[in-house]
Amino acid sequence: MTDGLMSKAATMEIPINGTGDTGSLPEDDGLEQDLQQVMVSGPNLNETSIVSGGYGGTAEGIIPTSSVKGPAVRYNASFPGLRLLHAQGPSISPSESAASRIASQADASAGSGLHPPHPSPLAAGDEATRGIAVEKFDIVKKWGINTYKCTKQLISERFGRGSRTVDLELETQIELLRDTKRKYECVLQLARALTHHFYSLVQTQHALGDAFSDLSQKSPELQEEFGCNAETQKLLCKNGETLLGAVNFFVSSINTLVNKTMEDTLMTVKQYETARLEYDAYRTDLEELSMGPRDASTLCRLEAAQSHFQSHKGKYEKLRADVAVKLKFLEENKIKVMHKQLLLFHNAVSAYFAGNQQQLAQTLRQFNIRLKTPGAEKPSWLEEQ
């Protein structure tokens, strides 16, 4: 509309009198209304086709500005240089002269060395971001489908409606392992409690020996009696520290067996159980599709279900073999570790309460247990090698 008004203003006739002065221009109500419409509603080139030409020009050079149909916008027709065509009106072909001018302008633009713009780095970044978003969406979609199938299978098994793959021998070994772990955890807890209480006993004996030694020096009449008791408590304290070192070694070994070796095997068992659930879920899905009608869409879904089933079947069989191997090695390692630790615990406790200091020290040497002397620094890594 703005271009129309400018063309309209450019083609206005200005009367000139004989002396060269312009006369008074008549007021044009139509132009004022058009200007008001532009100020209120802004330009709108989607509803009209504008034909611009020189003063008194012909109908050549008609260029439609939009192919969108809409109501015609009428302007003041008192200016011959501006013509408006209704969007739904008959199309007017440009004349040969107008076509030649358009062609010459296109050639000039082509010869000016202008090339189509290359894709900007921002557009490439948008494409990469879109690709990442699509990839994440696919991952979330697959996770949702897998979770739905596994949840459905789990609920069916809980209510006794779905079938479940069971390896009786492996399941029995897994349950035995869990029961053994619970019992070993109880032994570990009691051994830690014994260590805590025995440490308190040793500290009490050490304090009592110091008190007896101090009194033996301050009580000449009871010096011998206080001295004997002080020596006895110090000897018991020394033997208690030796026994405490053996019990600490026992607790550390049981803790490693329970919370590292057994826990590692149970983590593999959890992965196996998850794979078993997925295997049964996709097996059930394949069986349901196999019993349905065999149309084109069902055949595609059946092929995809068969592929997923084979994938989860391979994963399930691999984890089942891994669990069987780990259970076997765990049993062998458990027997070897517990045989050594139980023998150590028995010999150390028996020698301590029998008062056999030599046997107690020999027990620690037999199992390569080194006691840390008070105030001793930690050996360097060269000494530990």
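Residues numbered from 1 in each chain as written. Predicted model: local features only at pLDDT ≥ 70, side-chain atom pairs only at ≥ 80, totals over all residues. Heavy atoms only, no water.

## Structural notes on the packing of aromatic side chains
Any two aromatic rings considered together are summarised by their centre-to-centre distance and by the angle between their planes. The following threshold applies: Note on aromatic pairs: the rings of Phe, Tyr and Trp (six-membered ring only in Trp) are paired at centre separations within 6.5 Å, and the planes decide the class, stacked below 30 degrees, edge-to-face beyond 60, tilted for the rest. To qualify as a helix, a DSSP run of H or I must reach at least 4 residues; to qualify as a strand, a run of E must reach at least 2; elements of each kind are numbered from the N terminus. Relative accessibility under 20% of the residue-type maximum defines a buried residue, over 50% an exposed one, and the middle range a partly exposed one, all with a 1.4 Å probe and only protein chains included.
Throughout the structure, instances matching the rule amount to seven aromatic pairs. Ring geometry for phenylalanine 250 against phenylalanine 345: centres 4.9 Å apart, planes inclined by 40°, an arrangement best described as tilted. Of this pair, phenylalanine 250 sits in helix α6 (residues 223–290) while phenylalanine 345 sits in helix α7 (residues 296–354), placing them 95 residues apart in sequence. Looking at phenylalanine 250, the relative accessible area reads 5%, which means it is buried. Overall, phenylalanine 345 belongs to the partly exposed group, its relative accessible area being 27%. When the centroid spacing of 5.7 Å and the interplanar angle of 20° are considered together, the rings of tyrosine 272 and tyrosine 316 count as stacked. Pair noted here: tyrosine 272 is in helix α6 and tyrosine 316 is in helix α7, with a separation of 44 residues, a long-range link. Take tyrosine 272: its relative accessible area is 0%, and that puts it in the buried class.

## Structural notes on α7
Note the cut-off: One fewer than the residue count of a helix, multiplied by 1.5 Å, yields its expected span.
Relative to the 87 Å expected for 59 residues at 1.5 Å per residue, α7 spans 85 Å between its end C-alpha atoms, a close match to the ideal helical length. One or two steps after α7, the chain reaches glycine 355, where phi turns positive at roughly 75°.

## Brief notes about the side chain of threonine 268
We apply this condition: We call two residues in contact when some of their heavy atoms are within 4.5 Å.
By secondary structure assignment, the location of threonine 268 is in helix α6. Residues within four places of threonine 268 in sequence aside, it is in contact with Asp322, Val323 and Lys326.

## Observations concerning the layout of surface pockets
So the rule is basically this: Only protein atoms enter the 1 Å grid used here. Points where a 1.4 Å probe fits but cannot escape make up a cavity, open sets with protein on both sides within 12 Å along at least five of seven lines make up a pocket, and a residue lines them when an atom lies within 4 Å of a point. Grid points are joined across faces, edges and corners, and a volume is the space filled by probe spheres set on the points.
Reported here for the second largest pocket is a volume of approximately 330 Å³. Lining the second largest pocket are 14 residues, with Lys142, Ile145, Lys149, Tyr282 and His308 sitting closest to its centre. Looking at the lining of the second largest pocket, the elements with two or more residues in it are α4 (121–158), α6 and α7. Ranked by the residues each element gives to the lining of the second largest pocket, the list is headed by α4, at six residues.

## Focus: the environment of alanine 321
Positionally, alanine 321 belongs in helix α7. What makes alanine 321 partly exposed here is its relative accessible area of 43%. Along the backbone, alanine 321 and tyrosine 272 are 49 residues apart, and their C-alpha atoms lie at a distance of 9.4 Å.

## Topic: the nonpolar core
Generally speaking, nonpolar side chains in soluble globular proteins are found buried as a group. Spelled out, the test is: Throughout this description, the term nonpolar core refers to a set of buried Ala, Val, Leu, Ile, Met, Phe, Trp, Tyr and Cys residues connected via side-chain atoms within 4.5 Å.
Core analysis: the biggest nonpolar cluster contains 43 residues, and Ile174, Tyr272 and Val323 have the highest contact counts within it. Secondary-structure elements contributing two or more residues to this core are α5 (168–218), α6, α7 and α8 (357–366). With 18 residues, the single largest contributor to this core is α6. Discounting chain neighbours no more than four positions away, the residues touching isoleucine 174 are Val269, Tyr272, Val323 and Leu327.

## Re the pattern of salt bridges
Put simply, the rule is: When a carboxyl oxygen of Asp or Glu lies within 4 Å of a side-chain nitrogen of Lys or Arg, that pair is called a salt bridge.
On inspection of all chains with the given rule, the structure shows 15 salt bridges. The residue lysine 218 makes a salt bridge to aspartate 214 at a minimum N-O spacing of 3.5 Å. Of this pair, lysine 218 and aspartate 214 both sit in helix α5, separated by four residues, roughly a single helical turn. Salt-bridge contacts for aspartate 322 lead to lysine 318; the nearest nitrogen and oxygen are separated by 3.2 Å. In this pair, aspartate 322 and lysine 318 both sit in helix α7, four residues apart, roughly one turn of the helix. Residue classification places aspartate 322 among the partly exposed positions, given a relative accessible area of 29%. Taken together, the shared-partner salt bridges in this structure form one network comprising Glu157, Arg276, Asp280, Arg283 and Glu287.

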